[in-house]
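Analysis of the macromolecular model
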2 protein chains.
Amino acid sequence: MDSSSPSPDASAAAVPITAHQPAIDLAAERARADFDPAAMHEYLLGGGPERVAAKKLAYTLIERDPVLNFFHSGGHHFDLDRPALREKTMAQIRRAIEIRQTLTDSPADQQLAQWLMVCMCELSESFSMRLFVSDALFARSFRMFGTPAQAREWVPRVLRWETIGCFGMTELGTSSNLRSIATTATFDKRSDAFIVHTPDLMATKVWIGAAGETATHTSCLCRVMLDGVDCGLHWIIVPLRDPESGRLLPGVTAGDIGAKAGRQGLDNGWLQFTHVRVPRTNMLSRWARVLPDGSFESGLASDDPARSQVSSQAAATLSYAGLIPERLEITRGVPMAVNQALTIAIRYAAYRRQGPTGNPPILDYVTVQAALLPSLALMHAVMAADGAVWDRWTRMEADPAELVKGLADMHALSAGIKAMVTWRGSDALELVRRSMGGHAYSKYNAVADAIADFGVMTTGGGDNYVMVQQTVRYLLGQVRKVAKGGKVDKESSVGYLNNLAEVHASLDKPPTHISNWSDLDSLHGHLVRLVVAKTASLAADLQSAAADTGASQADAWNAHLLTVCDLAQLHTATYLSRAFCTRVRTAPVALRPVLHDLCQLYLLDTLARAGKDLMMTSTQWPAQLVHELEAQVVASMRKVRPRAVALVDAFGFPDFVLKSPLAAMDGNGYERYLNMMKSAPGQGFGGVPEYHGREIRPLTAPWTKLGAGNRM
Amino acid sequence: MDSSSPSPDASAAAVPITAHQPAIDLAAERARADFDPAAMHEYLLGGGPERVAAKKLAYTLIERDPVLNFFHSGGHHFDLDRPALREKTMAQIRRAIEIRQTLTDSPADQQLAQWLMVCMCELSESFSMRLFVSDALFARSFRMFGTPAQAREWVPRVLRWETIGCFGMTELGTSSNLRSIATTATFDKRSDAFIVHTPDLMATKVWIGAAGETATHTSCLCRVMLDGVDCGLHWIIVPLRDPESGRLLPGVTAGDIGAKAGRQGLDNGWLQFTHVRVPRTNMLSRWARVLPDGSFESGLASDDPARSQVSSQAAATLSYAGLIPERLEITRGVPMAVNQALTIAIRYAAYRRQGPTGNPPILDYVTVQAALLPSLALMHAVMAADGAVWDRWTRMEADPAELVKGLADMHALSAGIKAMVTWRGSDALELVRRSMGGHAYSKYNAVADAIADFGVMTTGGGDNYVMVQQTVRYLLGQVRKVAKGGKVDKESSVGYLNNLAEVHASLDKPPTHISNWSDLDSLHGHLVRLVVAKTASLAADLQSAAADTGASQADAWNAHLLTVCDLAQLHTATYLSRAFCTRVRTAPVALRPVLHDLCQLYLLDTLARAGKDLMMTSTQWPAQLVHELEAQVVASMRKVRPRAVALVDAFGFPDFVLKSPLAAMDGNGYERYLNMMKSAPGQGFGGVPEYHGREIRPLTAPWTKLGAGNRM
């Protein structure tokens with residue numbers, strides 16, 4: 001990369017690149033790829049050509065539809081302000097739901113319905129969140145916490161959006177700790193109803209998606225009070241707005257949260273209740289219920305088919321499983337956003353040059369590769385893990401016995417994945433931005449809004465700083481169990497602990513030369529050994545802190561929180577790596593070398609990031625070997641580099657989804673980009689700004705009467 | 001920090017915190033500080049009580065002024081859209097310039113004028129950039145590149161804003177390399193004028209601040225052509241708009257860049273010229289000029305007072321010094337933004353609890369401390385370095401001989417500082433956001449916009465990936481010079497190289513126990529040794545890459561770019577550390593312990609981040625010592641923790657500058673925050689959204705005629 005400041009020879013003439021060069025460059029990149037991006041696309045969609053065709057049809061449906069797509073007269077949709085984006089997003093929802101209603105029960109139609117929603121979520125993060133809140137969070141609260149009868153009664157209406165729901169959990173004073181939820185639901189026997197009440201300012205429900213303008217109902221987390229006795233937290237359905245007029249119901253106070261960093265199309269809101277009366281039957285009663293006589297009963301209801309399989313005690317635990325799918329959904333959203341950003345940045349880097357045509361495209365620079373290619377490998381690892389973890393969760397949801405058995409592991413795993421993947425996703429987007437120079441600062445290249453929309457992911461749905469602690473507490477517990485001779489489930493996230501002793505023994509081995517850096521199992525083994533060593537060292541440190549200094553357990557834990565953060569992410573990496581390695585073995589043969597090299601990059605990069613830890617925990621890793629590891633990362637990026645454009649092509653995002661002129665499939669980006677500027681609303685193209693007479697002319701032409709008129 | 005997901009005992013009642021608790025908490029924090037924040041404030045302002053009073057007066061002037069301040073009926077200023085922010089920012093500029101004109105030449109008035117602008121820059125990043133473009137970049141182009149006569153003619157008009165300038169450097173095709181600047185200025189002898197021309201799309205000037213709506217002139221970087229001969233790049237003043245009507249002049253095409261990630265109040269624009277004729281005398285001619293006969297002359301003009309001191313060759317180099325102050329100004333903007341964000345995050349973390357009152361404020365958690373306190377220490381280091389580097393630059397600007405002597409060092413240093421400080425600043429803001437949980441995602445707490453505004457800093461004004469290479473190339477050159485027996489200027493950024501041999505010898509010493517982790521000189525010494533070792537190892541690697549593998553120099557350099565990034569930042573850290581250590585020695589005695597502990601945290605954190613490098617480059621740093629180093633960082637944060645609130649108080653930002661209810665000085669943040677939501681425009685408080693009938697009712701009340709009417 002050349003100097004940005006002119007050195008003396010900067011005066012020498014050079015042949016500047018033309019606006020046509022990018023198309024030539026992208027074509028050359030595609031010509032040299034050694035695999036078929038269409039085959040990779042089909043593989044990533046997880047099915048045969050009929051899935052590809054169905055997704056393509058969904059894209060076409062959206063692209064042509066004036067409500068679903070972002071047609072916008074007088075400028076680009078990135079110029080829409082908050083009110084316009086609110087209406088647009090709700091219109092997209094309305095249209096998508098209407099289309100979904102017209103589709104039949106046929107498998108083809110059902111697949112189209114599914115892809116329609118997925119593609120709309122790719123198109124708009126605000127759409128995605130609006131859909132998520134009602135279709136996933138709210139509807140799922142009936143399935144998870146409601147009786148089968150409650151689910152049958154409500155869910156169909158919710159899926160038709162006759163009932164628009166929101167998830168009334170967080171309060172101003174709760175932070176990440178639900179123990180301080182203060183909204184009360186006091187049972188009134190006489191009227192067979194709960195009286196829902198917000199006692200003070202701090203109990204205001206805040207950040208509730210769809211509560212600001214649209215939701216007709218909320219599933220509200222309340223402290224249930226029976227005759228003055230606190231019976232704990234339960235979900236109660238509270239109607240908010242009249243479905244016909246949209247007006248708030250009596251006793252309900254609600255408003256919009258106002259300006260946010262991103263996701264302007266979603267109406268996050270706040271809620272207060274003043275003695276709002278709702279029927280007793282609005283309490284979601286799968287795991288506990290209040291009887292008409294005011295008595296409290298816990299455990300599965302007598303008519304629940306799963307009752308025979310789940311003990312009453314397990315039932316109490318299961319009632320908190322509802323946050324797991326929320327975390328997994330958040331994780332799923334990360335590649336959806338990051339893969340688009342990588343497509344934009346990689347296409348641009350493949351033709352952008354620092355200066356004249358003779359210079360290489362910046363994607364040839366190791367700094368740019370390091371900003372983009374490890375993230376590309378990471379996203380493949382995330383997609384692999386996403387597939388594996390949802391497979392398992394789907395099995396668990398279908399079988400209460402499985403659910404009870406796997407819950408603790410899934411709870412810890414989903415927390416770790418949520419934290420690690422959203423932190424890394426956030427970093428990946430910032431690296432995309434930095435790799436693109438100034439043009440990523442324009443909203444028109446889509447990355448600025450992607451970053452703004454993403455921002456909430458690391459703290460929303462469970463603050464990452466809290467998530468990592470859940471993961472590591474579980475991990476430490478499992479290590480104790482195995483150390484005492486216990487076994488862990490091989491399928492679980494800590495399956496590797498079954499070889500604990502063996503792994504431990506290997507840590508003190510003398511440094512061995514790694515002859516084959518391409519052996520994924522060997523690299524995975526190094527990662528596992530690192531996690532085991534770090535876990536053991538954390539356990540020892542915690543114990544000695546208590547023993548040596550008499551620190552309380554809480555203080556010792558606090559002093560080691562930074563290690564906890566690192567360890568949770570490394571442990572999660574073993575899960576991603578395992579899932580990715582499985583994919584490398586099971587993918588169509590033609591794709592295996594490509595996936596192998598991505599998986600290798602993922603593993604090498606993960607190990608290199610932990611280079612210090614490797615050296616500090618094992619004699620196997622002297623400085624020289626870490627040095628070599630770092631060189632291997634560079635070599636591995638060099639292998640992935642020639643496939644980079646084909647790999648992002650394989651994600652299959654159409655131009656109208658990416659919305660970034662510089663990333664246009666055909667490479668004709670510069671002209672599109674400038675045209676977009678020219679069509680910007682307001683003073684986009686040469687006009688005199690409306691405020692000229694008031695604010696500019698008084699300075700630039702102080703002699704004019706008008707300019708010097710009466711003003712402050 | 002407690003679990004975010006409800007564990008079984010989550011059902012137990014707990015005493016929730018009240019909205020009054022934050023005020024009590026902040027008062028307690030302030031009571032336990034062991035130093036006087038007012039004294040620290042005075043010290044940071046760099047003068048006596050009269051400077052404090054002048055800045056306070058400037059704040060008062062701004063707070064009371066309806067144009068300067070962000071009064072906004074019907075909502076908060078974070079709700080203003082782009083057109084409104086454009087006008088508001090220009091109105092603020094107009095008002096501030098008018099006030100500046102009314103101030104006299106007295107020292108008191110001049111100090112007020114200066115603080116007025118500084119405080120406005122603190123209040124608004126868009127104001128800051130609008131001011132910077134004309135008052136700094138454009139005006140400075142006359143001082144740096146113009147003859148004394150040109151400066152006398154233009155600068156006063158620029159400072160009155162009768163002439164509003166913009167800096168026409170970047171083109172769509174230039175990226176960070178000015179060699180491909182393609183705008184031409186062809187001299188036409190007959191009319192004694194240049195014909196300025198944009199040959200094609202890629203030569204369009206883009207991202208030019210103030211070009212979109214306001215600038216009347218641009219200093220335009222053009223390739224000067226004399227009789228078909230390319231005479232290199234020179235600055236030519238091109239009029240853009242009629243100062244009275246604001247209309248574009250003939251041949252000038254310009255428009256607004258449109259939607260950006262942040263800084264909506266600044267009109268970044270694009271420019272194209274079609275045979276625009278400007279007088280020959282509009283070429284800035286300090287270092288080179290075109291004579292009426294069409295001949296080209298380089299070197300200082302004969303009437304330049306510095307001519308006797310500067311050789312013609314040095315003059316050619318000096319003509320590129322103009323980017324140095326730009327980089328230094330960018331660096332200065334970093335603490336301005338980050339210190340505000342730290343004030344917001346630290347105050348909030350000092351009263352926010354995970355759950356009931358018994359829990360500690362989250363600032364007690366090591367993760368939160370690690371997210372905020374090293375950044376606080378870093379900003380003190382940056383402010384120290386900022387003072388030192390401007391002192392030196394001011395001396396250099398005043399004395400051309402000094403300028404020539406120190407230019408190469410200053411060029412490399414300013415590049416390194418710019419890169420390191422903007423990268424770390426960007427990271428610091430993201431950590432602030434993560435530390436604050438969901439409420440940082442609301443624009444009303446000011447952090448979201450701070451991040452959006454800041455985004456451009458890492459790539460604007462010289463892409464950091466390019467900057468670091470300039471620094472390291474210089475560093476390698478200086479090491480070669482010293483290795484051959486040369487000396488470097490002790491005052492320069494590489495002064496530590498004079499002890500090269502000694503430092504080298506120390507690297508292979510056996511590990512020594514560090515008995516006193518509070519000894520700043522010792523820590524600084526470790527940092528210097530690390531930089532020397534890393535530089536030597538990079539030089540060796542580059543050489544052996546060429547020798548062993550026959551890689552070209554460019555390829556070898558490229559393969560080591562990641563090391564170059566790290567090294568440039570570590571080298572820059574030695575400069576920050578030196579400046580900070582000097583402050584610890586020279587500050588008022590009462591403040592020295594406080595600054596000492598911050599400096600210690602800065603050094604420990606810098607070394608700990610480079611823990612892997614320490615182990616890889618020196619036998620002095622075995623794993624156990626790095627382990628100890630990391631524990632020392634935690635211990636050092638614990639020392640700074642009780643002073644954190646007082647330290648951010650000492651920055652002295654008034655509430656109206658911070659604009660963040662949760663950071664209100666008095667701690668009464670929750671109520672203010674909710675009130676801000678209630679006053680959000682549109683559907684802020686319980687109304688029915690305007691689009692309800694069109695987009696919501698068709699779903700929620702499909703039986704209503706109106707809802708099911710004719711629509712798509």
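About the thresholds
- Residues numbered from 1 in each chain as written.
- Chains lettered and ligands numbered in written order.
- Predicted model: local features only at pLDDT ≥ 70, side-chain atom pairs only at ≥ 80, totals over all residues.
- Heavy atoms only, no water.
- Salt bridge = Lys/Arg side-chain N within 4 Å of Asp/Glu carboxyl O.
- Helix = DSSP H or I, 4+ residues; strand = E, 2+ residues; numbered from the N terminus.
- Buried < 20%, exposed > 50% of the residue type's maximum accessible area, 1.4 Å probe, protein only.
- Phe/Tyr/Trp six-rings, centres within 6.5 Å; stacked < 30°, edge-to-face > 60°.
- Pairing = 2+ DSSP bridges.
- Axes fitted to C-alpha atoms, helices over the stretch in contact; angles between N-to-C directions.
- Contact = heavy atoms within 4.5 Å.
- Buried area = accessible area lost by both parts, 1.4 Å probe.
- Polar contact = N/O pair within 3.5 Å; in protein donor to acceptor, adjacent residues only side chain to side chain.
- Core = buried A, V, L, I, M, F, W, Y, C linked by side-chain atoms within 4.5 Å.
- Arc of directions from axis to C-beta.
- Least-squares fit on C-alpha atoms with pLDDT ≥ 70 in both.
- Domains from an automatic or database assignment.
- Parallel < 35°, antiparallel > 145°, perpendicular 65-115°, else oblique.
- Left-handed = near helix turned anticlockwise from the far one by under 90°.
- Nonpolar A, V, L, I, M, F, W, Y, C, P; charged D, E, K, R; others polar.
- Disulfide = S-S within 2.5 Å.
- pLDDT = per-residue confidence, 0-100.

Turning to the pattern of salt bridges, a few remarks are in order. Evaluation of the coordinates by the stated rule reveals 82 salt bridges over all chains. Between D427(B) and R434(A) there is a salt bridge whose closest N-O contact spans 3.1 Å. Pair noted here: D427(B) is in helix α11 (residues 400-435) and R434(A) is in helix α11 (residues 400-435), and the two residues belong to different chains. When its relative accessible area of 35% is taken as the criterion, D427(B) is described as partly exposed. Note on R434(A): relative accessible area 9%, which makes it buried. A salt bridge links E162(B) to R160(B), with the shortest nitrogen-to-oxygen separation between them at 2.7 Å. In this structure E162(B) comes out as partly exposed when scored by relative accessible area, which is 22%. Connected through salt bridges with shared partners, the residues D65(A), R94(A), R95(A), E98(A) and E695(B) form a single ionic network.

Residue and element names in this part refer to chain A. As enumerated under the stated definition, the model contains 24 aromatic pairs over all chains in all. Judged by centre distance (5.4 Å) and plane angle (10°), the rings of F145 and W235 are stacked. You can see F145 sitting in helix α6 (residues 125-145) and its partner W235 sitting in strand β6 (residues 229-239), a full 90 residues away along the chain. Relative accessible area serves as the criterion here: at 10%, W235 is assigned to the buried category. One aromatic cluster in this structure is built from F138, F142 and W154.

Moving on, we get to the sheet that holds strand β8 (residues 269-273) of chain B. As summarised here, the arrangement of the three strands in space is β4-β8-β7 (chain B), forming an open sheet in which the pairing is antiparallel. In this open sheet, the two edge strands, each paired with only one partner strand, are β4 (205-208) and β7 (252-256) of chain B. The average undirected angle you get between the axes of adjacent strands in this sheet is 20°. Packing of helix α23 (residues 669-678) of chain A onto the sheet brings it into contact with β4, β7 and β8 of chain B, and relative to β8(B) it is tilted by some 110°.

This part covers the interface of chain B and chain A. Taken together, the 171 residues of chain B in the interface contact 171 residues of chain A. Of the roughly 14000 Å² buried between chain B and chain A, counting both surfaces, carbon and sulfur atoms make up 59%. For the pair chain B and chain A, the interface holds ten salt bridges. Here R694(A) ties to E87(B) by a salt bridge, and the two come within 2.7 Å at their closest N and O atoms. Where chain B packs against chain A, one counts 46 residue pairs in polar contact (both at pLDDT 80 or more).

This part takes up the nonpolar core. Counting 443 residues, the largest nonpolar core has M40(A), L372(A), L497(A), M40(B), L372(B), L376(B) and L497(B) as its most contacted members. Once residues within four sequence positions are removed from consideration, L497(A) is found in contact with L475(A), Q478(A), V479(A), V482(A), V488(A) and V532(A).

What follows is about helix α14 (residues 500-507) of chain B. All names here are of chain B. Residues L500, V503, S506 and L507 constitute the buried set of α14. Seen end-on, α14 carries its buried residues on one side only, within an arc spanning 130°. Away from the buried face of α14 by more than 90 degrees, exposed residues A501, E502 and A505 are located.

Overlaying chain B with chain A gives an RMSD of 0.0 Å, the required rotation being 180° about an axis along which the chain moves by 0.0 Å. The transformation relating the two chain copies, once decomposed into turn and shift, fits a two-fold axis. Closest to the rotation axis within chain B is the C-alpha of K612(B), separated from it by 2.3 Å. Of the residues that chain B buries at the interface, 100% are likewise interface residues in chain A, meaning the two copies contact each other through the same surface.

This part takes up the environment of G146(A). Residue and element names in this part refer to chain A. Along the polypeptide, G146 turns up in the loop between α6 and α7 (148-159). For the pair G146 and W235, spaced 89 residues apart in sequence, the C-alpha to C-alpha distance is 8.8 Å. Residues in contact with G146, not counting those within four places in the same chain, are S141, L284, S285 and R286.

For a regular strand, side chains alternate in direction, first toward one face of the sheet and then toward the other. Residues and elements named next belong to chain A. In terms of burial, strand β8 (residues 269-273) is largely enclosed, as five of its five residues are buried. Residues G269, L271 and F273 point to one face of β8 and W270 and Q272 to the other, with burial holding for every one of them. The pairing of strand β4 (residues 205-208) with β8 spans two bridges and is classified as antiparallel. When the bridges of β8 are listed, I208 appears paired with G269. In the sheet, strand β7 (residues 252-256) pairs with β8 via five bridges, with the strands oriented antiparallel. If you follow V252 over to β8, its bridge partner there is F273.

Residue and element names in this part refer to chain A. The backbone phi angle of W207 is positive, close to 65°, even though this residue is not glycine. Of note in the backbone geometry, D227 takes a positive phi value of approximately 50° without being a glycine. As for its position among the elements, D227 is in the loop between β5 (217-226) and β6. Relative accessible area serves as the criterion here: at 67%, D227 is assigned to the exposed category.

All right, on to the domain arrangement of chain A then. The domains assigned to chain A are domain 1 (30-123), domain 2 (163-313) and domain 3 (465-642). When each unit is reduced to the centre of its C-alpha atoms, the spacing between domain 2 of chain A and domain 3 of chain A is 42 Å.

This brings us to the sheet that holds β8(A). The three strands lie next to each other as β4-β8-β7 (chain A), forming an open sheet whose pairing is antiparallel. Here the strands that pair on one side only, and so sit at the sheet edges, are β4 and β7 of chain A. Direction aside, the axes of adjacent strands within the sheet are offset by 20° on average. Against the sheet, helix α23 (residues 669-678) of chain B touches β4, β7 and β8 of chain A, its axis set at about 110° to β8(A).

All names here are of chain B. Mapped onto the secondary structure, R140 falls in helix α6 (residues 125-145). C-alpha separation for the pair R140 and V155, spaced 15 residues apart in sequence, amounts to 8.4 Å. Once residues lying within four places of it in the same chain are set aside, the contact partners of R140 are F145, P325, E326, E329, W390 and E397.

For the rest of this paragraph, the subject is the packing of helix α3 (residues 49-64) of chain B against helix α5 (residues 107-123) of chain B. Residues and elements named next belong to chain B. Between α3 and α5, the least distance of the axes is 8 Å, while the angle of their chain directions is 60°. One way to sum up the angle between α3 and α5 is to call them oblique. With respect to the hand of their crossing, α3 and α5 are arranged in right-handed fashion. Here E50, R51, A54, K55, L57, A58, Y59, L61 and I62 of α3 lie close against α5, whose contacting residues are Q111, L112, W115, L116, C119, M120, E122 and L123. Here the residues of the contact of α3 with α5 sort into twelve nonpolar, one polar and four charged.

Quick look at the state of the cysteines now. Every disulfide links exactly two cysteines, by a covalent bond between their sulfur atoms. Evaluated as defined, the whole model comprises zero disulfides over all chains. With no disulfide partner, C222(A) has as its closest neighbouring cysteine sulfur the one in C220(A), 3.6 Å distant. This cysteine, C581(B), is not joined by any disulfide, and C599(B) carries the nearest cysteine sulfur, 3.9 Å off. When its relative accessible area of 7% is taken as the criterion, C581(B) is described as buried.

This paragraph deals with the packing of helix α9 (residues 323-349) of chain B against α11(B). Residues and elements named next belong to chain B. At a minimum axis distance of 9 Å, the contact between α9 and α11 shows a crossing angle of 20°. Here α9 lies roughly parallel to α11, going by the angle between them. As α9 packs across α11, the resulting crossing turns out to be left-handed. In terms of residue class, the contact of α9 with α11 is built from 17 nonpolar, six polar and two charged.

Once that is clear, we can look at the confidence of the model for chain A. Residue and element names in this part refer to chain A. Here chain A averages 91 in pLDDT, and 94% of its residues register 70 or above. The model gives residues 1-13 a pLDDT under 50, and that stretch makes 47 contacts with residues more than four places away or in other chains. For this predicted complex, the interface score ipTM comes out at 0.94, while the overall pTM is 0.95.

Our next topic: the side chain of R95(A). Residue and element names in this part refer to chain A. Residue position: R95 is located in helix α4 (residues 82-102). Relative accessible area serves as the criterion here: at 16%, R95 is assigned to the buried category. Side-chain polar atoms of R95 contact the side chain of D65, separated by 2.9 Å.

This paragraph deals with α23(A). Here α23(A) has its buried residues at G669(A), Y670(A), Y673(A), L674(A), M676(A) and M677(A). Within α23(A), the buried residues cover an arc of 155° as seen down the axis, which keeps them to one side. On the buried face of α23(A), the contacting elements are α1 (21-31) and α9 (323-349) of chain A together with β4, β7 and β8 of chain B.

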